[in-house]
Each structure stands twice: as structure tokens, then as C-alpha cells.
Amino acid sequence: MAEKPGKPVGRAGMTQVEINACWVEAVRKENKGRILNENFDFNPKNLIAITQKPTQVNPSAATAAQETAGDAEAELKVLQDKLESLKKAPKKKFNYPQTAAQELGWDMDTEFLAHAPKYGVNKACCPETQYANSYVTMTTRSPFAAPRANNVETAKK
């Protein structure tokens, strides 16, 4: 049996209405993934302060700037808070670990406190313990260990 010649495959077989519908669908899919973030924020790690040029300053605008000093102080406070957040430890910045590496030691500060010493000062040593510590420091061996055989005596035998 011979195959029937049908419509061409692809765009060549489409009408203009079908091509238009495909284009509308493609644009709709593209726009779905496009999100415009209107909340501008800066990266405090790359903060560079650049002053205005003298020719860009308008002297009559200086009086208007004094009126908005309260707003500038509020903005300065927000800026200082953002810069201070750089100094904080990750656990103080975030409620949950942000990376897989942070997950490993996230709760170790609470675990460490369970094994921390209860008293800040060591207990006082008795005279025998003080003598043993001094002996080990001086001779680099314990006074309670068995005496070593002299290498000279064993070599002569």
C-alpha cells in the first residue's frame, strides 16, 4: 500500500492561526518564569561609597535635604543593621541551616554545653598529685612506672 500524501510536518503544515497560537503559548510560558524584583537591596560585602561631584550638588537643594534628615537617619539605621548582620554567626542570622555544610554542626553549641565543666576553676591538687605532676614534667616519665632497664648494662651482657 502506498502512503497517502498528507499535510507536511511542522510549521509548514500549520495555518497562520495555528502558528499564532503557538507563538502566544511560547510567550506565555516565557513570561511565567520572568519575575521582576522591585525591592532593590545592596550587597553589603561589595559596598563602595562614592561622593557626588561638586558640579552635581545643587545649593538650593541643601535646605530640602535638611528637612529629610529624619528619613536619612532611619535609612542609616537600616544600613547599620545590614552591615552588622555580616558580623553575626550563621546560627544568629538564620533559624535553620542554609547549606549542607551548616547542617553538620548546627546544634553543636547546645551539645557542647552539656559536656562543659560546671566550675570554671580546677580542683586543688593534693601534695602527692603536685609532686607527681612536677616529676613527670622534669623527667618525662611517671614516678609510678616500672623502672627502665639500663641500655648500657644490657649491652655488656
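Residues numbered from 1 in each chain as written. Predicted model: local features only at pLDDT ≥ 70, side-chain atom pairs only at ≥ 80, totals over all residues. Heavy atoms only, no water.

Here we look at the overall build of the chain
Argument step 1. Each helix and strand in the chain was counted, giving eight helices and zero strands.
Argument step 2. Across the 157 residues of the chain, 3% fall into the buried class.
Argument step 3. In the chain, of all internal contacts separated by at least 6 residues, the share reaching a separation of at least 24 is 26%.
Argument step 4. Counting every atom, the chain has about 15,600 Å² of accessible surface; 57% of that belongs to carbon and sulfur. (Helix = DSSP H or I, 4+ residues; strand = E, 2+ residues; numbered from the N terminus. Buried < 20%, exposed > 50% of the residue type's maximum accessible area, 1.4 Å probe, protein only. Contact = heavy atoms within 4.5 Å. Areas by Shrake-Rupley, 256 points an atom, 1.4 Å probe, with all protein chains shown as cover.)

Considerations on the packing of aromatic side chains
Argument step 1. Scanning all chains against the criterion turns up one aromatic pair.
Argument step 2. Summarising the aromatic geometry, the rings of Y131 and Y135 are spaced 6.1 Å apart at their centres and angled 40° between planes, so their arrangement reads as tilted. Pair noted here: Y131 and Y135 are both in helix α7 (residues 127-139), with a separation of four residues, about one helical turn.
Argument step 3. A relative accessible area of 52% places Y131 in the exposed class. (Phe/Tyr/Trp six-rings, centres within 6.5 Å; stacked < 30°, edge-to-face > 60°.)

Some details on α7
Argument step 1. In a regular helix each residue adds 1.5 Å, so 13 residues correspond to 18 Å; α7 covers 18 Å between its end C-alpha atoms and thus fits that length.
Argument step 2. A positive phi of about 60° marks T140, the residue just after α7. (Expected span 1.5 Å × (residues − 1).)

Concerning unusual backbone geometry
What you tend to see is this: most non-glycine residues have negative phi, and most peptide bonds are trans.
Argument step 1. The phi torsion at T140 lies on the positive side, around 60°, for a residue other than glycine.
Argument step 2. Topologically, T140 is positioned in the loop between α7 and α8 (151-156).

Comments concerning the environment of R148
Argument step 1. Along the polypeptide, R148 turns up in the loop between α7 and α8.
Argument step 2. Residues in contact with R148, not counting those within four places in the same chain, are T140 and R141.

Regarding a positive patch on the surface
Argument step 1. A contiguous patch of positive charge, built from K45, K88, K92 and K93, is present on the exposed surface.
Argument step 2. As for its position among the elements, K88 is in the loop between α3 (69-84) and α4 (90-93). (Patch = residues over 30% accessible without salt bridge, like charges linked within 9 Å, V, L, I, M, F, W, Y side chains within 5 Å. Salt bridge = Lys/Arg side-chain N within 4 Å of Asp/Glu carboxyl O. Lys, Arg positive; Asp, Glu negative; His and termini not counted. Charge placed at Lys NZ, Arg CZ, Asp CG, Glu CD.)

Section: the confidence of the model for the chain
If pLDDT is low for a region, its predicted coordinates should not be looked at in detail.
Argument step 1. Looking at the chain as a whole, its pLDDT mean stands at 78, while 76% of the residues score no less than 70.
Argument step 2. Put simply, α8 is where the chain has its lowest mean pLDDT, 54, and helix α1 (residues 16-33) is where it has its highest, 91. (pLDDT = per-residue confidence, 0-100.)

Brief notes about the pattern of salt bridges
Argument step 1. Taken as a whole, this structure holds five salt bridges when the rule is applied.
Argument step 2. As a salt-bridge pair, E84 and K87 come within 3.6 Å of each other at their nearest N and O atoms.
Argument step 3. Classification of E84 as partly exposed rests on a relative accessible area of 43%.
Argument step 4. The partner of D107 in a salt bridge is K91, with the nearest N and O atoms 3.4 Å apart.

Some remarks on a nonpolar patch on the surface
Argument step 1. Nonpolar side chains collect at one region of the surface, where W23, V24 and V27 lie side by side and expose about 290 Å² of accessible area between them.
Argument step 2. Note on V24: relative accessible area 41%, which makes it partly exposed.

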